[in-house]
Amino acid sequence: MLAQTARKTVNFLHSYSSTSTKLTCCKLLHATPSQSSKETDKSTDLVVREDYDFGATVLKLNNPSKRNALSSAMLTRLGDSLVQAYKTPETKAIILKAEGKVFSAGHDLRELTHDRGTDLHREIFEKCSELMKLVQDLPVPVIAQVNGLATAAGCQLVASCDIAVASETSRFATPGVHVGLFCSTPAVAVGRCIPRKVAMEMLFTGEPISAQEALLYGLISRVTPEDKLEATTLSIAQKICSKSKPVISLGKAAFNEQMKLDRDAAYCLTTNTMVENTALVDCQEGIAAFVEKRTPKWTNQYNQVADNSKK
């Protein structure tokens, strides 16, 4: 069952990549094993990519003068960058961060004026929703590294990530009501992360919550001092990347799928998942390594052990 889910996800990614608008590809930065520090792209691309030799890919929103707004162009570029990162065999985790003191202020309101027309408005909101679903459907974990303000669709992006780490001074809000545009689509992701009444207060008042409040409510997973934010996020990513890629992928897909089900159906699904998981070569390698008291050598391939019981 999960194998079918994985195939559907891959097909979706290929479809997304082929139908999204093609802009200039962001520069790929590949850290070599001998490099202890990351390389940095000095271009003015909307999304800057950094690759670490342990398997993490960092995508940085790079439009601080516009508060890293999720404009139509930014949505397209970020979606393409996520797909490109996933298609890199070495990538086992993706980190989303931003240049400047605003993670993202959400939609570019200049694209939502009446003269732009309803068709464009619908295209932007649909593109944004597809991006948020893409973050959750990607077979690798996506980690938000937040330093500053995340509002509206920017807050939605944080809520859509699998893990979110924020600096102590970060704040989160769904302030659409201030300009007469209720944050209905951000409410989908935010409302699935935090208690209903907390979400409703954020949505109705537009007032921000602190990083500590966001941690308490479940919007983010960790708060850290600003000077330790990057190191903390990379440490989490490195721990994930030390594990088997197909095992993590199966686990993410199963977790998200079972959350949609009632208890009994969830146990049925995850029981089948555990069976499929044990059939993976990497699972049997991990079990053997545990028994033999050694470090496992992952293949990071979706290969299954031959089923001798059917011979």
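This report concerns the structure included in the present document. All values derive from a computational prediction rather than experimental measurement.

So, the overall build of the protein chain
A tally of regular secondary structure across the protein chain gives 11 helices and 10 strands. Residues counted as buried form 47% of the 311 residues belonging to the protein chain. Long-range pairs, those at least 24 residues apart, make up 66% of the contacts in the protein chain between residues at least 6 apart in sequence. Of the roughly 16200 Å² of accessible surface on the protein chain, a fraction of 55% belongs to carbon and sulfur atoms.

Observations concerning the sheet that holds strand β2 (residues 56–61)
In a beta sheet, neighbouring strands are held together by backbone hydrogen bonds and run either parallel or antiparallel to one another. Strand order in this open sheet of 6 strands is β1-β2-β3-β5-β7-β10, and the pairing throughout is mixed. Two strands bound the open sheet, and with one partner strand each, they are β1 (47–51) and β10 (222–224). Across the sheet, the mean angle separating the axes of adjacent strands is 20° when strand polarity is ignored. Bridge count for strand β7 (residues 163–167) against β10 is 3 bridges, and the pairing is parallel. By the bridge assignment for β10, A166 is matched with V223.

Some words on the packing of helix α9 (residues 245–258) against helix α10 (residues 263–278)
The geometry of α9 relative to α10 is characterised by a closest axis approach of 10 Å and an angle of 170° between their N-to-C directions. The angle between the axes of α9 and α10 places the two elements in the roughly antiparallel class. Counted together, V247, L250, A254, E257 and Q258 of α9 and A266, L269, T270, T273 and N277 of α10 form the full contact between these two elements. When grouped by side-chain class, the residues that make up the contact of α9 with α10 number 5 nonpolar, 4 polar and 1 charged.

Remarks on helix α11 (residues 281–291)
Buried residues of α11: D282, C283, E285, G286 and A289, and no others. Take α11 and look down its axis: the buried residues cluster within an arc of 160°, on one side only. Tucked inside the fold, the buried residues of α11 contact α9 and α10. Immediately downstream of α11, the backbone of K293 shows phi near 55°, a positive value.

With respect to the nonpolar core
In summary, soluble globular proteins display a tendency toward joint burial of nonpolar side chains. Within the largest apolar cluster, 50 residues are counted, with the highest numbers of intra-cluster contacts made by L82, F172 and I220. Look past the residues within four positions of I220 in its chain and what remains in contact with it is V158, A164, A166, F172, A211, A214 and L215. If you look at the next biggest cluster of nonpolar residues, it comprises 13 residues, including A56, A93, V165 and I240.

Notes on the side chain of S160
On the secondary structure map, S160 appears in helix α4 (residues 153–160). Once residues lying within four places of it in the same chain are set aside, the contact partners of S160 are M132, V135, Q136 and A189.

As for the packing of aromatic side chains
The full count for this structure, using the stated rule, is 2 aromatic pairs. Residues F182 and F204 carry aromatic rings whose centres are separated by 6.0 Å and whose planes lie at 50° to one another, so their mutual orientation is tilted. Residue F182 is located in the loop between β8 (171–173) and α5 (184–191), and its partner F204 is located in helix α6 (residues 196–205); the two are separated by 22 residues in the primary sequence. Taking the relative accessible area as the measure of exposure, F182 reaches 35% and is therefore partly exposed. The exposure class assigned to F204 is exposed, which follows from its relative accessible area of 52%.

What counts, and at which threshold
Residues numbered from 1 in each chain as written. Predicted model: local features only at pLDDT ≥ 70, side-chain atom pairs only at ≥ 80, totals over all residues. Heavy atoms only, no water. Helix = DSSP H or I, 4+ residues; strand = E, 2+ residues; numbered from the N terminus. Buried < 20%, exposed > 50% of the residue type's maximum accessible area, 1.4 Å probe, protein only. Contact = heavy atoms within 4.5 Å. Areas by Shrake-Rupley, 256 points an atom, 1.4 Å probe, with all protein chains shown as cover. Pairing = 2+ DSSP bridges. Axes fitted to C-alpha atoms, helices over the stretch in contact; angles between N-to-C directions. Parallel < 35°, antiparallel > 145°, perpendicular 65-115°, else oblique. Nonpolar A, V, L, I, M, F, W, Y, C, P; charged D, E, K, R; others polar. Arc of directions from axis to C-beta. Core = buried A, V, L, I, M, F, W, Y, C linked by side-chain atoms within 4.5 Å. Phe/Tyr/Trp six-rings, centres within 6.5 Å; stacked < 30°, edge-to-face > 60°.

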